[in-house]
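Observations on the three-dimensional arrangement
Residues per chain, in single letters:
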Amino acid sequence: MSSLLVLTAACSPASNANTNPSPTGDATEVEGLGEAQDLVGEYPRNETVFTSGQQWGPPSSWNPIPGSGDATGVRGLLYEPLFQFDPKALELTPFLAESGEWTDADTYTLHLRDGVTWTDGEALDADDVVFTVELGKNPEVPWSNLWTWLSAVTKVDATTVTFDFSDPRPQEWENFLYTRVILPQHIMSAWSADELLSNANENPVGSGAFKYKAHGQDRMVWERNDDWWGQDALGLKMPMKYVVDIVNPSNEVALGLLIQGSLDLSNNFLPGIKQLVDSGQVVTYYDKAPYMLSANTAMLVPNATKAPGNDPAFRRALANAIDVDTIVSTAYGDIVKKASPTGLLPAYEKYYDKDVIDDVGFSFDPDEAKAQLAAAGYKDTDGDGFVENLDGSAMDLELIVPAGWTDWMDAAKIIAESAAEAGIKITDATPDSGAVDDARATGSFDLLINNWAQISNTPWSYYNYLFHMPIQEQQLSGNFGRVDSTDAWKLVEELARTQADDPHFQEVMSQLQRASLEQMPMIPLWYNGLWAQSTEKVWTNWPADGGDSTAYPSTWGGYFQMGGLTTLANLKPAK
C-alpha cells in the first residue's frame, strides 16, 4: 500500500472527528518527513530504537539540574535516581539505592549499591548523594525547598547516607527519591552557582544504561553503556545498541514515520488512533478506547502577575467559559476525558470532596461566566462584544501553545472560541517550543497550557505544582502563573508531612480542593493520555494491558524512571 493511501486512511475525518490538519497527497509532501527518513537510514536498523515525542527543538542542554529543557534521556538514560516509581502499583523500588528506611521519626537512612561507577570510571558513592542534596542550598536549584525541612545530610561510609529532618515530610521525601537524579560531585562541584542552571554540560558523564553518543539539529543519539551496573544488579539487559530520539517538527511527521516503520515508539499525540490500531499498523497500551494510560492533567495557566489574570474572580469566570467537552470530542476524538474540577487524576478519585465540588466547582456555562464577570466589575464599555479590563483598557489575552502540537493547537482555538461566547477575548498563538519554555519559566505570557501535573506517588505533588513557593525569578516546575498564596502553601506543606492513612490527610485534601477552586491558580481541562504508539516491524513486546510488560512506555521527562527504561529493557527483536 502506498504511503498516500495509508496516511489518508489514518486521518479520515469520518473515522476520527478531529480538526487536526491531516496529511494529504503523497507522504513526501509532509514537511520534514523526507529529512527524518534520511536520518533513520544512517543507523543500523536492527540495533536501533527510534523514538520521538519529547524533543521539540534541537538538543542544547545535558544539564539535569533545572529539571526541564534537557535533551531527551538525560534524566533516566544518562543520570539516574535513587529509586524508581511504578505508577500502576503506586510504589517505589530501589535503583541506585539498595534500600532506604526511616530509622527513627526524624531520620532516614539510605544504603547505596556497591560498585556503581560513572562512565569515566569514578565511583558513584555517598559523596555524590551528599553533593546532590546539598546543591539544594542554592535558592535557584529546583529542590531548594528541601532545606526548609531537612537539617543535615551526612555520609556515614561510602555507601551509607543519613538524612536528619527538622520537619519530616514522608510524602515529599519519597517524591524526591525518584524524581531527582544523582549528580557527579567530581565534575559539577567545579561549577559556579551561576552555572548550576545555565551550564549546558556538553560532555556529560553519567551512570546510566546509555552514554552520550552524538546530537544534531534533528536528533539525540544514545549508545548502550556495556559497563552499566544495572545489568548484573537488576538483570536489565538493553537489547538495542542505540536509542535515537528524533526531533519532530510536527505530529504529522511522527505519524508518517510510524506508519512507515521508521519510528518504533511515538510519544506524540497522533490523529486517527482507532484506525491505526484496528488496521494493525500500530499497537497501544489498550487495544480499544481510550487506548492510552492517563498520565497528567492539562491545565490552562493564567498569568497572575498582571491584569486580568491577577484577579481570582476573573480566573473563576474564565473556568466557566471553556468548552472542554468540545475539546475532548473534537480535538481528541474522545480518547481523553474531561478533568475533574479538582484537577486530581482518577488515581486519586477516593480523595475527591463532592461537597466542595458542588459548592465551588465549575463547568462550561457562558451565562454563568458572564454573570461572574459582571459581578466582578468587568464590562463591555465599547460594545464590541468583549469585556474590558477593570481600568477600562482593552482586554486581548494571548494563549500560547507550542507550534506543531496539533492537539493543543486545536484545543487553544476551541478555548478562544468558547471564551468569546462569555465576552472574553483570547487570541491563540503558536511560537516554537523553546519560546514557550522561556515564557513559562520567566512569566512572560498571558495564558498557556501546561501538563506537568503528572501521575506521582502522592497527590501532594499536584498541589505543590499548583501553589509552589517561594516564587522565583524562573519558575521551573510549577506555579507558572506566580499566584502568591501563603495560606495555600501552608496547606501543601501540611499535606507533605501527613501520612496518607491519617484521617487528617483527607481533611487537608478537602481544604486544598477548596483553595484551588476559589483561587484557581490553574484551570483543569482534560486528562492527557500517555501517548504511546508503537510499531512491531523491528521491535516487539511493547507494554500492553495484560501483556508481558505493563510499564509506562514513555520518553517524556521524568518518565524513564516510571517505566520508560523498563520498556526498553523488555523489548525483543522482531523475527
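Residues numbered from 1 in each chain as written. Predicted model: local features only at pLDDT ≥ 70, side-chain atom pairs only at ≥ 80, totals over all residues. Heavy atoms only, no water.

1. Side note on helix α15 (residues 433–442)
Using the following cut-off: Working definition: with a 1.4 Å probe on protein chains only, accessible area under 20% of the residue-type maximum means buried, over 50% means exposed, and in between means partly exposed. Helix and strand definitions follow DSSP, with helices as H or I runs of at least four residues and strands as E runs of at least two, each counted in order from the N terminus. Throughout, a residue-residue contact means that at least one pair of heavy atoms, one from each residue, lies within 4.5 Å.
Of the positions making up α15, those classed as buried are S433, V436, A439, R440 and A441. Residues of α15 that are buried make contact with β14 (397–400) and β16 (447–454). Following α15 by one or two positions, G443 has its phi on the positive side, about 80°.

2. Here's the deal with the confidence of the model for the protein
Quick note on the threshold: pLDDT is a per-residue confidence score from the predictor, ranging from 0 to 100.
Here the protein averages 92 in pLDDT, while 95% of its residues score no lower than 70. For the stretch residues 1–28, pLDDT sits under 50, and the model shows 52 contacts to residues farther than four places along the chain or on other chains.

3. What to know about the side chain of S485
We apply this condition: Pairs of N or O atoms are called polar contacts if they sit within 3.5 Å, as long as, within protein, a hydrogen donor faces a hydrogen acceptor (for residues adjacent in sequence, only side-chain-to-side-chain pairs).
Along the chain, S485 turns up in the loop between α16 (460–467) and α17 (486–496). According to the relative accessible area criterion, S485 is buried, its value standing at 7%. From its side chain, S485 meets the backbone nitrogen of A488 in a polar contact 3.3 Å long. Each residue touching S485, except ones within four places of it in the same chain, is listed here: F467, M469 and Q519.

4. Re the nonpolar core
Worth spelling out the cut-off: By nonpolar core we mean a set of buried residues, namely Ala, Val, Leu, Ile, Met, Phe, Trp, Tyr and Cys, connected to one another through side-chain atoms within 4.5 Å.
Core analysis: the largest hydrophobic core is formed by 181 residues, its most contacted members being F163 and W526. No other element matches the seven residues that helix α14 (residues 406–421) contributes to this core.

5. A closer look at the environment of D104
With respect to the element layout, D104 can be found in strand β4 (residues 97–104). When the C-alpha atoms of D104 and P524 are compared, they prove to be 39 Å apart, with 420 residues separating the residues in sequence. One polar contact links the side chain of D104 to the main-chain amide nitrogen of D106, over a distance of 2.8 Å. At 2.8 Å, the side chain of D104 and the backbone nitrogen of T107 are in polar contact.

6. Some points on the sheet that holds strand β5 (residues 107–112)
Spelled out, the test is: Two strands are counted as paired when DSSP detects at least two bridges linking them. Inter-axis angles, ranging from 0 to 180 degrees, are taken between N-to-C directions of lines fitted to C-alpha atoms, where helices are fitted over the stretch in contact.
The four strands are arranged β4-β5-β7-β6 in an open sheet whose pairing can be described as antiparallel. Across the chains shown, the open sheet's two edge strands, defined by having one partner strand only, are β4 and β6 (150–157). The sheet shows a mean angle of 20° between the axes of neighbouring strands, taken without regard to direction. Sheet analysis places β4 next to β5, joined by six bridges and oriented antiparallel. What sits directly across from E101, in β5, is T109. Contacting β5, β6 and β7 (160–165), helix α3 (residues 126–135) crosses the sheet at an angle of about 170° to β6.

7. What about the sheet that holds strand β18 (residues 533–534)?
Paired through their backbone hydrogen bonds, the strands of a sheet run either parallel or antiparallel. The strand order across the open sheet built from six strands is β8-β9-β10-β1-β11-β18, with neighbouring strands paired in mixed fashion. Two strands lie at the open edges of the sheet, namely β8 (210–216) and β18, each paired on one side alone. Inspection of the sheet shows strand β9 (residues 219–224) paired to strand β10 (residues 242–246) by five bridges, in the antiparallel sense. Of the residues in β10, the one forming a bridge with W222 is V243. Here helix α2 (residues 33–40) sits on the sheet in contact with β1 (48–52), β9 and β10, set at roughly 170° to β10.

8. Observations regarding the packing of α16 against α17
What counts here: Orientation categories follow fixed angle ranges, with anything under 35 degrees roughly parallel, anything over 145 roughly antiparallel, 65 to 115 roughly perpendicular, and all other angles oblique. Helix crossings fall into two classes, left-handed where the near helix is turned counterclockwise from the far one by less than a right angle and right-handed where it is turned clockwise. Side-chain classes are defined by residue name, with Ala, Val, Leu, Ile, Met, Phe, Trp, Tyr, Cys and Pro counting as nonpolar, Asp, Glu, Lys and Arg as charged, and the others, Gly among them, as polar.
Between α16 and α17, the least distance of the axes is 10 Å, while the angle of their chain directions is 160°. Compared by their axis directions, α16 and α17 come out roughly antiparallel. Note that α16 runs across α17; the crossing there is left-handed. The segment α16 lies against α17, with W460, Y463, N464 and F467 engaging A488, W489, V492, L495 and A496. In terms of residue class, the contact of α16 with α17 is made up of eight nonpolar, one polar and no charged.

9. Some details on unusual backbone geometry
Cis geometry is found at the peptide bond from A289 to P290, where omega equals 15°. In this fold, P290 is placed in the loop between α9 (273–278) and β12 (294–302). With omega at -5°, the peptide bond leading from A307 into P308 counts as cis. Mapped onto the fold, P308 is located in the loop between β12 and α10 (312–319). The backbone of Y291 shows a phi angle near 70°, a positive value even though the residue is not glycine. Its place among the elements puts Y291 in the loop between α9 and β12. Phi at M520 takes a positive value of approximately 45°, unusual for a residue other than glycine.

10. Brief notes about the pattern of salt bridges
Heads up, the condition is: Put simply, a salt bridge is a Lys or Arg side-chain nitrogen that is within 4 Å of an Asp or Glu carboxyl oxygen.
Scanning the model with the defined rule gives 21 salt bridges in all. Here D70 ties to R75 by a salt bridge, and the two come within 2.8 Å at their closest N and O atoms. Overall, D70 belongs to the buried group, its relative accessible area being 6%. On the basis of relative accessibility, which here comes to 12%, the residue R75 falls in the buried class. Each of D167, R169, E172, E493 and R497 takes part in salt bridges that share partners, so that together they form one network.

11. With respect to the environment of S510
Assignment of secondary structure puts S510 in helix α18 (residues 503–519). Taking relative accessible area as the criterion, S510 reaches 14% and is therefore assigned buried. Separated by 243 residues in the primary sequence, S510 and N267 place their C-alpha atoms 34 Å from one another. Filtering out sequence-adjacent residues up to four positions away, S510 remains in contact with D353 and V356. Within the structure, the side chain of S510 is placed 2.6 Å from the side chain of D353, a separation counted as a polar contact.

12. A closer look at the pairing of β1
Counting buried positions along β1 gives five out of five residues, so the element sits mostly inside the fold. Neither face of β1 is open: one carries T48, F50 and S52, the other V49 and T51, and all of them are buried. As paired strands, β1 and strand β11 (residues 265–266) are joined by two bridges and run parallel to one another. Counterpart to S52 in the pairing with β11 is S266.

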